[in-house]
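Here is what each chain is made of, one letter per residue.
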Amino acid sequence: MAILHNYLLRQIELREQGTQLALLAVCPNSAAVFEAAVAVATRSNAPMLFAATLNQVDRDGGYTGWTAQHFVTTMQEYATRYGCRSPLFACLDHGGPWLKDKQTRDKLPLQQAMAEVKASLTDCLAAGYSLLHIDPTVDRSLPPGQPPALETVVARTVELIEHAEHERVRLGLAAVDYEVGTEEVHGGLVDVANFRAFLQMLAAALAERNLGHAWPCFVVAQVGTDLHTTFFDAEVAAQLTEIVRPYGSLLKGHYSDWVENPTAYAAAGMGGANVGPEFTAEEFIALQELEAREARLCANRGLTPAAFLATLERAVDRSDRWRKWLQPDEVGKPLAEVAPERRLWLVQTSARYVWAEPAVVAARRTLYAHLSLVTPDPHAYVVNQVARAIEKYVSAFHLYDSMTLYTQSSVNQS
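Below: a short report on this structure. Here the structure is a predicted model, which is why all the values come from computation and not from measurement.

## Brief notes about the pairing of strand S7 (residues 250-253)
The two faces of the sheet receive side chains in turn, since in a regular strand these alternate between them.
Inference 1: Side-chain alternation along S7 places Leu250 and Lys252 on one buried face and Leu251 and Gly253 on a second face that is also buried.
Inference 2: Both strand S6 (residues 218-220) and S7 contribute to a ladder of 3 bridges, which runs parallel. Bridge assignment links Phe218 to a residue of S7, and that residue is Leu250.
Inference 3: Bridge count between S7 and strand S8 (residues 272-275): 2 bridges; the pairing is parallel. Within S8, the residue paired with Lys252 across the bridge is Gly272.

## Digging into the packing of helix H5 (residues 110-127) against helix H6 (residues 150-170)
Inference 1: At their nearest, the axes of H5 and H6 sit 10 Å apart, and the two run at 40° to each other. Along this stretch, H5 crosses H6, giving a crossing that reads as right-handed. Across the interface between the two elements, Leu110, Met114, Val117, Lys118, Leu121, Thr122 and Leu125 of H5 pack against Arg156, Glu159, Leu160, His163, Ala164, Glu167, Arg168 and Arg170 of H6.
Inference 2: Split by residue class, the contact of H5 with H6 holds 7 nonpolar, 2 polar and 6 charged.

## Section: the packing of aromatic side chains
Centre distance and the angle of the planes are the two values used to describe a pair of aromatic rings.
Inference 1: By the definition in use, this model includes 15 aromatic pairs.
Inference 2: Relative to Tyr265, the ring of Phe232 lies with its centre 3.9 Å away and its plane at 20°, an arrangement referred to as stacked. Pair noted here: Phe232 is in the loop between S6 and helix H8 (234-244) and Tyr265 is in helix H9 (residues 264-267), with a separation of 33 residues, a long-range link. Across the pair, exposure class does not vary: Phe232 and Tyr265 are buried alike.
Inference 3: Put simply, the rings of Phe34, Phe50, Trp66, Phe71, Tyr78 and Tyr129 touch in pairs and so form one group of aromatic residues.
Inference 4: Directly above the aromatic system of Tyr381 lies the positively charged group of Arg293, at a separation of 4.7 Å from the ring centroid.

Analysis parameters
- Residues numbered from 1 in each chain as written.
- Predicted model: local features only at pLDDT ≥ 70, side-chain atom pairs only at ≥ 80, totals over all residues.
- Heavy atoms only, no water.
- Buried < 20%, exposed > 50% of the residue type's maximum accessible area, 1.4 Å probe, protein only.
- Helix = DSSP H or I, 4+ residues; strand = E, 2+ residues; numbered from the N terminus.
- Pairing = 2+ DSSP bridges.
- Axes fitted to C-alpha atoms, helices over the stretch in contact; angles between N-to-C directions.
- Left-handed = near helix turned anticlockwise from the far one by under 90°.
- Contact = heavy atoms within 4.5 Å.
- Nonpolar A, V, L, I, M, F, W, Y, C, P; charged D, E, K, R; others polar.
- Phe/Tyr/Trp six-rings, centres within 6.5 Å; stacked < 30°, edge-to-face > 60°.
- Lys NZ or Arg CZ within 6 Å of the ring centre and 35° of its normal.

Dropping the structure here:
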């Protein structure tokens, strides 16, 4: 049995005893966010999940520059640096065809897109991932806006799980956990009837392929939040939790950024939640503050400023990835012609795609070098600002010192 699954079983036991917890999955979209999350796990005595998409971490390095193996190695290095004794879990987020932007841009046909995902699943397994989110709920071969049939979603989910299990056995690896479903509406899983049907069909299909042991520990569903809405619907979550409970699974929320009522997650029975763009924004805001300080310092000392934010905006513009967030009246406009407030939001939101670009890295290094004349460790300031945002969820999800509860049972026997 996978180690993560042991913690989830204990989480269910604790809930039955009246203690409600929800796990936090941090989207490690930059080195600063990654480091901050490990630091928080260390000083909170709490487990931490790291949910990386194939856009972020993949065989080609993704936009972070990390392969799956580099990702796991970096996690272990941070754990050593901070003396972290809490379990840290490397996880795949949104493993499915066309969910990597490059596959959509290159207009890959289904077979090729599935083959790419399968190769990435193998890479994740070999690197030591604990959780794989299997998400074939997007189908670019269909007309825009048309979701794939539920039967298709189930068939492709089983196909990808079967591949992962075959590879896991071939590589001689211990069991891993799975997550299925999506917070998007592509697969029709938002409707409660479809949600029930999906679970029933998936259970039957996995049993038919002798894959009952690979039943997912997490099921993702829309619980009211997305990139632009921030209120968690506890009533819907509680209803869906009751649906997944007989299967031995827990409900997981995505897009939990800036959620207005985070304490409602554990109370509604949620097993966990993913948070990502909010932490990018915190990193961006911290760097804005540092650039303002640098401007004063450079004026006082006759130095040339690093122009970090200007460099970042140019890199975001060149990436073209900001266009995916455009509103209808902005489509077709150059970034420079978008209203200032919206342009700032687009740069802030898309910064994660270019943090690792050489020009941005160089400008950041110069910014830090200038500030180091006065501030001993500017990087630590950024990490700490992100950590504060992460700690908000650790507290809301009742995770502070939760390892004391987790280790009071059979978790130690894993």
